[in-house]
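Report on the structure
So you can see what is in the structure, the chains are spelled out below.
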Amino acid sequence: MEYRGVVLDVDGTVVRGDEAIPGALDGLAAIDAAGLDRLFVSNNPTKAPKRYEARLGRAGIDASADEIVTSGTTTTAYLADRHPGARTFCIGESGLCDQLSAAGLELVGAHDDPEVVVVAIDREFDYDDLRDAGVALRDGAAFYGTDPDILIPAADGDIPGSGAIINAVAGVAERDPDAILGKPSSVAREYVLDRLGLPPEDVLIVGDRLDTDIAFGLAAGMETAVVRTGVTDDAALARSEYEPDHVLDGLGDVYRLIS
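Scope of this entry: the structure provided in the associated data block. Since the structure is predicted, the reported quantities are computational estimates derived from the model, not experimental observations. (Residues numbered from 1 in each chain as written. Predicted model: local features only at pLDDT ≥ 70, side-chain atom pairs only at ≥ 80, totals over all residues. Heavy atoms only, no water.)

Brief notes about the sheet that holds strand S7 (residues 106-107)
Here five strands make up an open sheet; going across it, the order is S7-S6-S8-S9-S12 and the pairing parallel. Sheet topology places S7 and strand S12 (179-180) at the edges, where each strand pairs with a single neighbour. Pairing of strand S9 (residues 142-145) with S12, which is carried by two bridges, proceeds in the parallel orientation. Counted as the bridge partner of tyrosine 144 is alanine 179 from S12. Helix-sheet contacts for helix H5 (residues 127-137) involve strand S6 (87-91), strand S8 (116-119) and S9, and the interaxial angle to S6 is about 155°. Seen against the sheet, helix H6 (residues 162-173) touches S6, S8, S9 and S12 and runs at an angle of roughly 155° to S9. (Pairing = 2+ DSSP bridges. Helix = DSSP H or I, 4+ residues; strand = E, 2+ residues; numbered from the N terminus. Contact = heavy atoms within 4.5 Å. Axes fitted to C-alpha atoms, helices over the stretch in contact; angles between N-to-C directions.)

Quick look at the structure:
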């Protein structure tokens, strides 16, 4: 199949921590040689695209902020469109809060009658945050999560992600989020395809998660490839409802699909 563009997951596919995964640089070189448009799409909301540019640079990857979309990007764009200027209570790290504030949302405390509650990974999340989230949601504020990832690959092993914190807040609030806005949501799919400017049938998505990356691609109508360098192994493939078109040992093998 001939592709015109590729969507690349980041953590577990291209990098782990600040280091390129073995073979990833070769895979990126093959993508460049094939002349494909590319977009890095991450469910990590803690860094704005400009900071992701620097992170990828430290791993030896030359990528511009214009080529990077995160769940923070899609969440911020969605809220700025649907809830412009809304009083917003955020459980999340400074990188996400800064993006929300820059988009015109008014960040407020849990007791300040928030209209919107946003929940994401926060590595300093504690009991007081959980209590405050329950307070913020008790009068019917809209409830959004950035992404569903329960675990995310890190340099020293998998760590709890946004999904773990969202689930904790949902349990206390006794309600599910109104939407989760990163992969594989329709919001993220529309945003990514608009940024690429390509029809989905011309796009290959490569990622390490079946329930986000592969689900995203299947729902969008893209060709899909899962890599074994992140959270997916043979057991996960066997029990998953999401069946990728291709299974690769790593991004370095992507040349088999595009050459």
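Quick look at the layout of surface pockets
Counted as a void, the largest pocket has a volume near 200 Å³. Its residues assigned to classes, the lining of the largest pocket comprises six nonpolar, three polar and five charged. Taken domain by domain, the makeup of the lining of the largest pocket includes at least three residues from each of domain 1 (5-43 + 183-256) and domain 2 (84-180). Volume-wise, the second largest pocket comes out at about 150 Å³. In terms of lining, the second largest pocket is formed by Arg209, Leu210, Asp211, Val231, Thr232, Ala236, Arg239, Ser240 and Tyr242. Of all the secondary-structure elements, those providing two or more residues to the lining of the second largest pocket are helix H8 (210-220) and helix H9 (234-239). Here the residues of the lining of the second largest pocket sort into four nonpolar, two polar and three charged. (1 Å grid on protein atoms, 1.4 Å probe; cavity = no way out; pocket = protein on both sides within 12 Å on 5 of 7 lines; lining within 4 Å. Points joined across faces, edges and corners; volume = space filled by probe spheres on them. Nonpolar A, V, L, I, M, F, W, Y, C, P; charged D, E, K, R; others polar. Domains from an automatic or database assignment.)

Some details on the packing of aromatic side chains
Taken as a whole and judged by the stated rule, the model has one aromatic pair. Judged by centre distance (5.6 Å) and plane angle (70°), the ring pair of tyrosine 78 and tyrosine 144 falls under edge-to-face. On the criterion of sequence distance, the pair formed by tyrosine 78 in helix H3 (residues 71-82) and tyrosine 144 in strand S9 is long-range, its members being 66 residues apart. Classification of tyrosine 78 by relative accessible area gives buried; the value is 15%. In this structure tyrosine 144 comes out as buried when scored by relative accessible area, which is 7%. (Phe/Tyr/Trp six-rings, centres within 6.5 Å; stacked < 30°, edge-to-face > 60°. Buried < 20%, exposed > 50% of the residue type's maximum accessible area, 1.4 Å probe, protein only.)

Some remarks on unusual backbone geometry
Between lysine 183 and proline 184 the backbone carries a cis peptide bond, its omega angle lying at 10°. Topologically, proline 184 is positioned in the loop between S12 and helix H7 (186-196). With a phi close to 55°, aspartate 113 is a non-glycine residue in the positive phi region. On the secondary structure map, aspartate 113 appears in the loop between S7 and S8.

Overview of empty space enclosed by the protein
Scanning the entire structure with this criterion turns up one cavity of 30 Å³ or more. Quantified by volume, the largest cavity comes out at close to 100 Å³. Lining of the largest cavity is provided by Asp9, Val10, Asp11, Ser42, Asn43, Asn44, Asp149, Ile152, Pro153, Lys183, Asp208 and Arg209. Considering only residue class, the lining of the largest cavity consists of three nonpolar, three polar and six charged. Among the domains, domain 1 (5-43 + 183-256) and domain 2 (84-180) are the pair contributing at least three residues each to the lining of the largest cavity.

Brief notes about the environment of valine 69
With respect to the element layout, valine 69 can be found in strand S5 (residues 68-70). Sequence spacing of valine 69 and tyrosine 191 is 122 residues, and the spatial spacing of their C-alpha atoms is 8.9 Å. Sequence-distant contacts of valine 69, defined by excluding residues within four places in its chain, comprise Leu39, Phe40, Val41, Ser42, Thr74, Tyr191 and Arg195.

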